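Spelled out, the chains give:
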Amino acid sequence: MSQGVKLVSENISNKFYLNEERINYLFKIFNLDKESFLKLLQEKNKNPVLTELEFSQAIKKELPLKIPTLKKIDKIFEKGLMWYVSSRPLPEKNNLSIFFRKSSFNTKLNIGSIRLIERFEKKKIETEILSDYLELNYKKEFNFNINDNPKEVAKIIREKFNESKNQLLKKNLIKNGNSDKIFLENLIRYFENFNVFVFEHIDKKRNPNNVINFDGFFMKPNFILIKRQQKYLKREIFTLLHEFAHYLINIEEIDSNLDSEIIINNKIEDWCNDFAYFYLIDKYSTEIDSLELASKKNDFYQDFFEDISEKNHISVFSLYTRLKIINKISNQDYNKIKNKIYEEIKKSAEKQMRKIEETAKLKGKTPYFSQPVPIKPKLYYDLIKMSYFNGNISEKLALENLNAKNKRIEEVIFR
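Structure report, in brief.

The rules behind the values
- Residues numbered from 1 in each chain as written.
- Predicted model: local features only at pLDDT ≥ 70, side-chain atom pairs only at ≥ 80, totals over all residues.
- Heavy atoms only, no water.
- Helix = DSSP H or I, 4+ residues; strand = E, 2+ residues; numbered from the N terminus.
- Buried < 20%, exposed > 50% of the residue type's maximum accessible area, 1.4 Å probe, protein only.
- Contact = heavy atoms within 4.5 Å.
- Areas by Shrake-Rupley, 256 points an atom, 1.4 Å probe, with all protein chains shown as cover.
- Lys, Arg positive; Asp, Glu negative; His and termini not counted.
- Charge placed at Lys NZ, Arg CZ, Asp CG, Glu CD.
- Patch = residues over 30% accessible without salt bridge, like charges linked within 9 Å, V, L, I, M, F, W, Y side chains within 5 Å.
- Salt bridge = Lys/Arg side-chain N within 4 Å of Asp/Glu carboxyl O.
- Core = buried A, V, L, I, M, F, W, Y, C linked by side-chain atoms within 4.5 Å.
- Axes fitted to C-alpha atoms, helices over the stretch in contact; angles between N-to-C directions.
- Parallel < 35°, antiparallel > 145°, perpendicular 65-115°, else oblique.
- Left-handed = near helix turned anticlockwise from the far one by under 90°.
- Nonpolar A, V, L, I, M, F, W, Y, C, P; charged D, E, K, R; others polar.
- Polar contact = N/O pair within 3.5 Å; in protein donor to acceptor, adjacent residues only side chain to side chain.
- Pairing = 2+ DSSP bridges.
- Expected span 1.5 Å × (residues − 1).

## Observations concerning the overall build of the protein
So, point 1. If you tally the helices and strands in the protein, you get 19 helices and four strands.
So, point 2. Once the C-alpha set of the protein is aligned to its principal axes, its extents read approximately 80 × 60 × 50 Å.
So, point 3. Per-residue burial for the protein yields a buried fraction of 46% across its 415 residues.
So, point 4. Considering only intrachain contacts with a sequence separation of at least 6, the fraction spanning at least 24 residues in the protein is 68%.
So, point 5. Carbon and sulfur atoms make up 48% of the accessible area of the protein, which amounts to about 23,300 Å² in all.
So, point 6. Taking the 73 positively charged and 59 negatively charged side chains of the protein as two groups, their mean positions are separated by 5 Å.

## Concerning a negative patch on the surface
So, point 1. There is a patch of like negative charges on the surface, built from Asp299, Asp303, Glu306, Glu343, Glu344 and Glu350.
So, point 2. With three residues, the top contributor of residues to the negative patch is helix α16 (residues 331-362).
So, point 3. Here Glu343 is to be found in helix α16.

## Considering the nonpolar core
So, point 1. In this structure, Leu18, Phe37 and Phe77 are the most contacted members of the largest nonpolar core, which totals 62 residues.
So, point 2. With six residues, helix α7 (residues 111-133) is the largest single contributor of residues to this core.
So, point 3. Those residues within four positions of Leu18 in sequence are excluded, and the remaining contacts are Ile23, Phe55, Ala58, Ile59, Lys61, Leu65, Leu70, Ile73, Tyr84 and Val85.
So, point 4. If you look at the next biggest cluster of nonpolar residues, it comprises 56 residues, including Phe161, Val196, Leu248 and Ile337.

## Brief notes about the packing of helix α10 (residues 180-193) against helix α11 (residues 233-249)
So, point 1. Interhelical geometry of α10 versus α11 gives an angle of 15 degrees and a closest axis separation of 9 Å. The pairing of α10 with α11 is recorded here as roughly parallel in orientation. For the crossing formed where α10 meets α11, the hand is left-handed. Contacts from Asp180, Lys181, Phe183, Leu184, Leu187, Ile188 and Phe191 in α10 reach Leu233, Lys234, Glu236, Ile237, Leu240, Leu241 and Phe244 in α11.
So, point 2. Split into classes, the residues belonging to the contact of α10 with α11 amount to 10 nonpolar, no polar and four charged.

## A word on the side chain of Ser387
So, point 1. Inspection of the secondary structure assignment puts Ser387 in helix α17 (residues 378-389).
So, point 2. Since its relative accessible area comes to 0%, Ser387 is described here as buried.
So, point 3. Within the structure, the side chain of Ser387 is placed 2.8 Å from the backbone oxygen of Leu383, a separation counted as a polar contact.
So, point 4. When sequence neighbours within four positions are dropped, the list of residues in contact with Ser387 reads Leu130, Leu134, Asn392 and Ile393.

## Overview of the pairing of strand β3 (residues 223-227)
So, point 1. With five of five residues buried, β3 lies mostly within the body of the structure.
So, point 2. Of the two faces of β3, the one carrying Phe223, Leu225 and Lys227 and the one carrying Ile224 and Ile226 are both buried.
So, point 3. By the bridge criterion, five bridges tie strand β1 (residues 197-201) to β3 in an arrangement that is parallel. Directly across from Val198, in β3, lies its bridge partner Ile224.
So, point 4. Across four bridges, strand β2 (residues 216-219) lies against β3 in antiparallel orientation. Bridging from a neighbouring strand, Phe218 pairs with Ile224 of β3.

## Section: the side chain of Ser131
So, point 1. Within the element layout of this structure, Ser131 appears in helix α7.
So, point 2. Residues contacting Ser131, with those up to four places away along its chain left out, are Leu136, Tyr138 and Leu383.

## Considering α11
An α-helix turns once every 3.6 residues. As a result, residues three or four positions apart point the same way.
So, point 1. When the terminal C-alpha atoms of α11 are compared, their 25 Å separation across 17 residues agrees well with the 24 Å that a helix rising 1.5 Å per residue should span.
So, point 2. Of all 17 residues in α11, 17 are buried; the element is thus mostly enclosed.
So, point 3. In the segment just after α11, Asn250 is the residue with positive phi, at about 60 degrees.

## Describing the pattern of salt bridges
So, point 1. Evaluated as defined, the whole model comprises 21 salt bridges.
So, point 2. With its nearest N and O atoms 2.6 Å apart, the salt bridge here joins Arg228 to Glu200. Of this pair, Arg228 sits in the loop between β3 and α11 while Glu200 sits in strand β1, and the two are 28 residues apart along the sequence.
So, point 3. The residue Asp203 makes a salt bridge to Lys227 at a minimum N-O spacing of 3.8 Å. Placement of the pair is Asp203 in the loop between β1 and β2 and Lys227 in strand β3, with a sequence separation of 24 residues.
So, point 4. By sharing partners, the salt bridges in this structure join Arg101, Glu121, Lys124 and Glu252 into a single network.

See below:
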């Protein structure tokens, strides 16, 4: 429920009392205690919004809260004002949140990241409900486990995708072309063709607490979210395949720092990284495995790796990490190359920034940085459209879920 909606209380006197079970649920998810919560609630205000005593009284239903206080609480958790005061018991927690199904993740999450995951957890539940209404069964098409060979699994998946290529081309669901962007979009369409919902998130926040600090996650049974890597699409491609690998072995996770840029030494994460690597590297796998030790003598295979990177949409550094895994490069040389690549990426970004600023200055204009647009989640959009046509959701909700709030329904529903 949005903050702009008029609240109707179960209590005629409009006294709102916190539901202790629901507050403790949020504390668990957001990894907060009473003190850290009250500090977040206070923000930059000189005086506390709630003192410790007042909070304790509110939890015990000895002190009602006013709407402005509920709005400040909702600014932290974004659950809707009535959520905190509803007397309705929560459903089974494991069904509600990945934070209760898993005790730890591959990254330390900030508040902005947790909020986003919570929103997508809600979207996943709503998706399942809408699917049931329409009697649609988005069944799991692939079932593997951690004991399967990731190289062989990658081969099987590539073959399955190739079998459906002509069908998807005829329907204009995938594109011809070999750019990283086209490859990424096509990969998402392949996943969707096998009943996997994929969403791309573009981070526009500036506050460090709200900037998303994970690269992607998988939630059972078939939900994947990836963060747009605007200047590093090969990283996003690798992340998407890594999360798809989690789907294949049916193990939920929230990940950061992928693209084979670290050697994790974790059986599950190594399996997912191996799958992503073997899917992308394809026919070059044997050739890379048979290389001699990378050194100055062979120029560290720089030209060869750059050629593979361009053709197969895998970062050069992922290839050097593979050499490190198979002991074909020394630690010293590996670290030097890593630092060099990171420095080149940084310089390239700075150069692009200067170019935009100088061009704007010559024209007497303010530098303009175009806002990226997320790749459309077609499988999800199709579900929303069908739900609207069947009268299961309102026009307003359909437009909201199609990211078209300011458009007429006719403009978007038939596309």
